[in-house]
Amino acid sequence: MVNVPRCLVRGSINVDEYFDVKDIARPGETISSHGLAKRAGGKGANQAVAVAKAGGQADFVGAVGEDGLWTLDHLSEHGVNIAGSERVSELTGRALIQVAEDGENSIILFKGANYAKLPKKPIHPLTTHLLLQNEISLDESLFYLSEAASLSLVTIFNPSPMPTTEELKSFPWYQLTWLIVNEGEAADMYRILISRTNAEQETDVQAYTEIPAYSITRKLLSQMPTTNVVCTLGGRGVLALLPSLRDSGGLPEPIYLPAAKLDKGVVDTTGAGDCFAGYMAAGLMNLQQEKGTKLLSKQDVIAVMTRCVQAAGLCVQKPGAMASIPLGTEVDIETV
Ligand code: ADP
Ligand code: NA
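Residues numbered from 1 in each chain as written. Chains lettered and ligands numbered in written order. Predicted model: local features only at pLDDT ≥ 70, side-chain atom pairs only at ≥ 80, totals over all residues. Heavy atoms only, no water.

1. Some points on the site of ligand 1
So, step 1. Taken together, the neighbourhood of ligand 1 is formed by 13 residues, with Asn-182, Thr-232, Gly-234, Gly-237 and Ala-312 sitting nearest.
So, step 2. Within the backbone of Gly-237, an N or O atom sits 3.0 Å from an oxygen atom of ligand 1.
So, step 3. Burial of ligand 1 by the protein amounts to 81% of the accessible area it has alone, namely 550 Å².
So, step 4. Secondary structure elements with two or more residues in the shell around ligand 1: helix 7 (272-291) and helix 8 (298-316). (Near = heavy atom within 4 Å. Polar contact = N/O pair within 3.5 Å; in protein donor to acceptor, adjacent residues only side chain to side chain. Areas by Shrake-Rupley, 256 points an atom, 1.4 Å probe, with all protein chains shown as cover. Helix = DSSP H or I, 4+ residues; strand = E, 2+ residues; numbered from the N terminus.)

2. A closer look at the coordination of the sodium ion (ligand 2)
So, step 1. Surrounding the sodium ion (ligand 2) are the protein donor atoms Asp-268 (O), Thr-270 (O), Cys-315 (O), Lys-318 (O), Gly-320 (O) and Ser-324 (OG), at 2.5 to 3.2 Å.
So, step 2. Coordination at the sodium ion (ligand 2) is irregular: its 6 donor atoms span angles of 64 to 165° at the metal.
So, step 3. In the primary structure, the donors to the sodium ion (ligand 2) are separated according to the pattern D-x1-T-x44-C-x2-K-x1-G-x3-S. One end of the pair, Thr-270, is in the loop between strand 14 (255-257) and helix 7; the other, Lys-318, is in the loop between helix 8 and helix 9 (328-335), and 48 residues separate them in sequence. (Donors = N, O, S within 2.8 Å, 3.2 Å for Na, K, Ca; no water. Tetrahedral: all angles 85-135°; square planar, octahedral: opposite > 155°, others 65-115°.)

3. A word on a negative patch on the surface
So, step 1. A cluster of like negative charges, contributed by Asp-20, Glu-101, Asp-102 and Glu-104, occupies part of the molecular surface.
So, step 2. Among the secondary structure elements, Glu-101 is positioned in the loop between strand 7 (93-99) and strand 8 (105-110).
So, step 3. Owing to a relative accessible area of 58%, Glu-101 belongs among the exposed residues under this scheme. (Patch = residues over 30% accessible without salt bridge, like charges linked within 9 Å, V, L, I, M, F, W, Y side chains within 5 Å. Salt bridge = Lys/Arg side-chain N within 4 Å of Asp/Glu carboxyl O. Lys, Arg positive; Asp, Glu negative; His and termini not counted. Charge placed at Lys NZ, Arg CZ, Asp CG, Glu CD. Buried < 20%, exposed > 50% of the residue type's maximum accessible area, 1.4 Å probe, protein only.)

4. Quick look at the environment of Pro-161
So, step 1. Along the chain, Pro-161 turns up in the loop between strand 10 (154-157) and helix 4 (165-169).
So, step 2. Exposure remark for Pro-161: the relative accessible area of 42% places this residue in the partly exposed category.
So, step 3. With 37 residues separating them along the chain, Pro-161 and His-124 place their C-alpha atoms 27 Å apart.

5. Here we look at the sheet that holds strand 8
So, step 1. In space, the 4 strands of this open sheet follow the order 3-2-7-8, with mixed pairing throughout. The sheet is open, and its two borders are formed by strand 3 (35-41) and strand 8, each paired with just one other strand. Within the sheet, the average angular offset between the axes of one strand and its neighbour, ignoring direction, is 15°. (Pairing = 2+ DSSP bridges. Axes fitted to C-alpha atoms, helices over the stretch in contact; angles between N-to-C directions.)

6. Observations concerning unusual backbone geometry
So, step 1. Along the chain, Ser-160 connects to Pro-161 via a cis peptide bond; the corresponding omega equals -5°.
So, step 2. We note that Ser-152 has phi near 60°; this positive angle belongs to a residue other than glycine.
So, step 3. For Ser-152, the location among the structural elements is in the loop between helix 3 (138-150) and strand 10.
So, step 4. Accessibility expressed as a relative area gives 44% for Ser-152, which makes it partly exposed.
So, step 5. Positive phi, normally seen in glycine, also occurs at Ala-213, with a value near 70°.
So, step 6. As for its position among the elements, Ala-213 is in the loop between helix 5 (183-194) and helix 6 (214-222).
So, step 7. With relative accessibility at 13%, the residue Ala-213 sits in the buried group.

So, in structure tokens, the structure goes:
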């Protein structure tokens, strides 16, 4: 009997405050807001909720101050296990978001408790997957990544916001099973990483040129030769390149899925990337449980990403980030 997979999410949790304004405040200006909403947010929290909503067991390890205890309760209500999270003396991480009438926004992010030093605890023995973002101290993420790799867990990293040049250049890619980036991040990362060595002589790839971002993702893969690279393409869907999947010419064979067809049109894309990453982790967990192995076929990856694309498609049709992440049951109705 295989144990139920468990995903450790070591990441950020914030109080997000949305101020509805006519226009974004200019320097020196005082404006009034005609609406204020307070919601739990942060990429770590969003992705943990996405794992749970997708049907996976998510163990969230993060930190809040007294002022943000309710955000942890909120995660708990969504089925996330928060037992490993800490209350610290710092204020909870906070995002002040002005949302203008034309949809434009402006955000002030206070890291607060997300950068608090937490006691380093061993990973729960039943953990099978690790999911990381980049809204906490990178040292902290690297500690968990190295622990997880030494336990041969599946590790997933969504490097948003983008680490610094130095951080990227020294990143231990060999410890990472899956990288999830959007197209802009893929291009930024490649530009930084390629300057590490000039050895790689890039020849133009004629094959697969019809697939957006194929070339950039392939180059990124060349910089992390044991990591599966997933590049989300917004309204154009997603592209994955796996080191193990090559065509007869030795080029990485793309797995490309178009975005979900939207009945309602785009309402709010906030959180779509987090929804995708959490569903990806949950899908990989599911497969591992079903098959009893970490080895994936092309069909397996297509099946996992199809559900991610459906989920992210539902997410962009609803306002909000965490609140717009659909339940697995809602996603599965869509796909029947
Ligand atoms: P991020 O939010 O991290 O920038 P993307 O914009 O690539 O990431 O979006 C993540 C996923 O959300 C995409 O792969 C896609 O499945 C879905 N998505 C995003 N925007 C749209 C859209 N306009 N229409 C349909 N799906 C979308
Ligand atoms: Na949304």
